[in-house]
Amino acid sequence: MIRPLIVGFGGTTRPGSSGERLVRAALAACEAGGAETRLFGGDFLAELPHYAPERPERSPRQTEFVEAVRHCDGIVIGTPAYHAGISGLVKNALDLLEDLHGDARVYFDDRPVGLIVSAAGWQGAGVTLSALRDMVHAMRGWPTPIGVTVNTLAGPVFAENGSVSDAQLTATIAAQADQIMRFARAFKARHDMKGAA
Ligand SMILES: Cc1cc2nc3c(=O)[nH]c(=O)nc-3n(C[C@H](O)[C@H](O)[C@H](O)COP(=O)(O)O)c2cc1C
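Everything numeric here is computed off the predicted structure, so don't read it as measured data. (Residues numbered from 1 in each chain as written. Predicted model: local features only at pLDDT ≥ 70, side-chain atom pairs only at ≥ 80, totals over all residues. Heavy atoms only, no water.)

Brief notes about the packing of helix α1 (residues 18-32) against helix α6 (residues 167-196)
Stage number 1. Put simply, α1 and α6 touch, their axes get as near as 8 Å, and they point 55° apart. Between α1 and α6, the crossing angle belongs to the class labelled oblique. α6 is crossed by α1, and the crossing has right-handed handedness. Here α1 contributes Leu 22, Ala 25, Ala 26, Ala 29 and Cys 30 to the contact with α6, which in turn contributes Leu 169, Ile 173, Ala 174, Gln 176, Ala 177, Ile 180 and Met 181.
Stage number 2. Split into classes, the residues belonging to the contact of α1 with α6 amount to 11 nonpolar, 1 polar and no charged. (Axes fitted to C-alpha atoms, helices over the stretch in contact; angles between N-to-C directions. Helix = DSSP H or I, 4+ residues; strand = E, 2+ residues; numbered from the N terminus. Parallel < 35°, antiparallel > 145°, perpendicular 65-115°, else oblique. Left-handed = near helix turned anticlockwise from the far one by under 90°. Contact = heavy atoms within 4.5 Å. Nonpolar A, V, L, I, M, F, W, Y, C, P; charged D, E, K, R; others polar.)

So, in structure tokens, the structure goes:
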């Protein structure tokens, strides 16, 4: 059985970040489907220096993040809606992935990308999901048809331990994870075959 590596990143530095909880839930759903996973949460992303195109040197954390995405088979990105767009923290991580522009699988090429947005309103959630989808397209990624949006003002969706308690949200995350896994397995098989040839 093919065991894809799914890398998730996102959330904020806020304790109890809803975005990070959602990425964690998405990765757990991928694990339930047979994936190996790796999470880069808000605190990790905050340790990444500001991306600067003229500076090729990389911190150990920058290298760790870039290498994880380079070798993964699928990706989950979680962002808050900040002023109707993705947060600077998440954008900085995406910009660092410019390091993948010379790869055989350039940027997110051949990888499914599950997108998750948490916002304090449906309008912010929708426009941010749409903007993030455009960014992933620009980076040659394959956003899953199912995007996950959460309006944190619409009612509680988390249990006290931080797990997702809302049944509909759980089902949406599971459906997205299923799309990630089916795509990741198919493309990993193709990628591994090319490597073996
Ligand atoms: C600086 C800032 C800007 C925000 N802008 C928006 C916005 O434009 N639309 C919206 O719906 N929510 C907005 N929010 C609310 C956050 O998107 C929302 O609280 C989100 O769930 C926070 O994510 P977190 O729980 O992972 O920290 C903003 C919050 C902050 C701090």
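Looking at the side chain of Ser 17
Stage number 1. Its location among the elements puts Ser 17 in the loop between β1 (5-10) and α1.
Stage number 2. In this structure Ser 17 comes out as buried when scored by relative accessible area, which is 4%.
Stage number 3. A polar contact is formed between the side chain of Ser 17 and the backbone nitrogen of Gly 19, at a distance of 3.4 Å.
Stage number 4. Beyond its immediate sequence surroundings of up to four residues, Ser 17 is in contact with Gly 11 and Thr 12. (Buried < 20%, exposed > 50% of the residue type's maximum accessible area, 1.4 Å probe, protein only. Polar contact = N/O pair within 3.5 Å; in protein donor to acceptor, adjacent residues only side chain to side chain.)

As for the site of the ligand
Stage number 1. Of all residues adjacent to the ligand, which total 16 residues, the nearest are Thr 12, Arg 14, Ser 17, Ser 18 and Ala 81.
Stage number 2. Between an oxygen atom of the ligand and a side-chain N or O atom of Ser 17, the distance comes to 2.7 Å.
Stage number 3. Contact distances for the ligand include 2.8 Å between an oxygen atom and a backbone N or O atom of Ala 84.
Stage number 4. At the level of secondary structure, the elements contributing two or more residues to the shell around the ligand comprise α1 and β4 (112-119).
Stage number 5. Of the residues in the shell around the ligand, the class split is 6 nonpolar, 9 polar and 1 charged. (Near = heavy atom within 4 Å.)

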